[in-house]
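Examining the three-dimensional arrangement
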Amino acid sequence: MIIAITREISPAINECELTHLAREPIDLAAARAQHRQYIEALRQLDCEVLELPPEPELPDSVFVEDTAVVLDEAAIITRPGAPSRRPETESVARALAPYRRLLHITAPGTIDGGDVLRAGRSIFIGLSSRSNQAGIEQMAALLAPFGYSVTGVRLSGCLHLKSAVTQVAPDTLLINPRQTDAAVFSEFELIEVDESEPAGANALLVNEAVIYPSHFPATRRKLEERGLRVITVEASELAKAEGGVTCCSLLVSP
Ligand code: CIR
């Protein structure tokens, strides 16, 4: 059974990091209700959900994805690009230690897990405002012994690589080609987000289904037309913190 690691939303979420969005008030109760719905969707898809202890002082700590990259062979504990987020990794490392050998990104490298897209043995990493060349080189060196290829990918106008492209089936990616270079992903089938939904490329593939925000209905139709099983969740409150559906969990395969 897949273990999905999550963490409750901090009461300080309104002090979250923001890069591309203007600050809008986040309703904590509404955000938490939506987060519960997300956890229920993970359970519906047969995940065992492991909820980490809250980190009330760390505004962005619900976005556990950025703190680690979990592969079958090891988990890489990241060094997030935003200094305010670096203390988030400690408790995630403790939670992952029983399941995986831990490897670490160290200074001057920075990596946010949201920049790391894995598809089979290919790993793509966004060269973003959070993940730097030194971090990408460390990832490549750490993962080469396991037979992964690591490719740095340029982005524009979005926070992380997985804001622009995510996996929705073993051979298929959902992409906004205006935010990243679709040619890099030519070995995959590509589904483009609807033009009216530029932020709609973040989907979470779990057990052959896709967890997807309800606020992108046109792109959702495109996914369904391709025969994908889509479970929609409300995710509008954490979207104001630049969070999507991949950001709120770390999936640990058995
Ligand atoms: C941040 O800027 O770090 C948070 N407010 C949002 C992080 C979202 N994480 C993700 O996309 N993986």
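Whatever comes next refers back to the structure up there.
Predicted model, so just to flag it, every value in this text is computed and none were measured.

**Description of the overall build of the chain**
For the chain, the helix and strand inventory stands at six helices and 15 strands. The long-range share in the chain, meaning contacts at least 24 apart out of those at least 6 apart in sequence, stands at 68%. Of the roughly 10,600 Å² of accessible surface on the chain, a fraction of 50% belongs to carbon and sulfur atoms. Averaged over its 23 positive side-chain charges, the chain has a centre that lies 2 Å from the centre of its 35 negative ones.

**Concerning the pattern of salt bridges**
Two side chains that carry opposite charge are able to pair once their charged atoms sit near each other. Following the criterion strictly, the structure yields 14 salt bridges and no others. Arg85 serves as the salt-bridge partner of Asp66, at 2.7 Å between the closest nitrogen and oxygen. Placement of the pair is Asp66 in the loop between strand E2 (48–52) and strand E3 (68–70) and Arg85 in the loop between strand E4 (75–77) and helix H2 (89–96), with a sequence separation of 19 residues. Residue Asp66 is classed as buried on the basis of its relative accessible area, which comes to 3%. Take Arg85: its relative accessible area is 3%, and that puts it in the buried class. Across the pair Arg85 and Glu88 runs a salt bridge, and its minimum N-O distance is 2.9 Å. Neither residue differs from the other here; Arg85 and Glu88 are each classed as buried. Through salt bridges that share partners, Arg36, Glu40, Arg43 and Glu51 make up one connected network.

**A short note on the site of the ligand**
In the vicinity of the ligand there are 14 residues, among which Glu17, Asp60, Glu65, Arg130 and Ala241 approach most closely. Within the contact set of the ligand, an oxygen atom lies 2.8 Å away from a side-chain nitrogen or oxygen of Arg85. Ala241 is positioned such that a nitrogen or oxygen atom in its backbone is 2.7 Å from a nitrogen atom of the ligand. When isolated, the ligand has an accessible area of 350 Å², and the protein chains bury 98% of it. Counted by class, the shell around the ligand contains four nonpolar, three polar and seven charged residues.

**Looking at the sheet that holds strand E12 (residues 204–206)**
Spatial ordering of the open sheet is given by E12-E13-E14, a layout of three strands whose pairing is mixed. Two strands in the sheet have a free side with no partner beyond their single neighbour: E12 and strand E14 (229–233). Averaged over all adjacent pairs, the angle separating strand axes in this sheet is 30 degrees, with direction ignored. Across three bridges, the pairing between E12 and strand E13 (residues 209–213) is antiparallel. Of the residues in E13, the one forming a bridge with Leu204 is Ile211. The strands touched by helix H1 (residues 28–44) within the sheet are E12, E13 and E14, with E14 carrying the most contacts at an inclination of about 155 degrees. In the packing of helix H5 (residues 217–225) onto the sheet, the strands contacted are E13 and E14, and the crossing angle to E14 comes to about 155 degrees.

**Considering the pairing of strand E10 (residues 172–175)**
Side-chain direction in a regular strand flips from residue to residue, so the side chains alternate between the two faces of the sheet. Covered by surrounding structure in E10 are Thr172 and Leu174 together with Leu173 and Ile175, the residues of both alternating faces. The antiparallel hairpin formed by strand E9 (residues 165–169) and E10 contains two residues in its connecting segment. Here E10 pairs with strand E11 (residues 189–192) via four bridges, running parallel. Bridging from a neighbouring strand, Leu174 pairs with Ile191 of E11.

Rules of the game
Residues numbered from 1 in each chain as written. Predicted model: local features only at pLDDT ≥ 70, side-chain atom pairs only at ≥ 80, totals over all residues. Heavy atoms only, no water. Helix = DSSP H or I, 4+ residues; strand = E, 2+ residues; numbered from the N terminus. Contact = heavy atoms within 4.5 Å. Areas by Shrake-Rupley, 256 points an atom, 1.4 Å probe, with all protein chains shown as cover. Lys, Arg positive; Asp, Glu negative; His and termini not counted. Charge placed at Lys NZ, Arg CZ, Asp CG, Glu CD. Salt bridge = Lys/Arg side-chain N within 4 Å of Asp/Glu carboxyl O. Buried < 20%, exposed > 50% of the residue type's maximum accessible area, 1.4 Å probe, protein only. Near = heavy atom within 4 Å. Polar contact = N/O pair within 3.5 Å; in protein donor to acceptor, adjacent residues only side chain to side chain. Nonpolar A, V, L, I, M, F, W, Y, C, P; charged D, E, K, R; others polar. Pairing = 2+ DSSP bridges. Axes fitted to C-alpha atoms, helices over the stretch in contact; angles between N-to-C directions.

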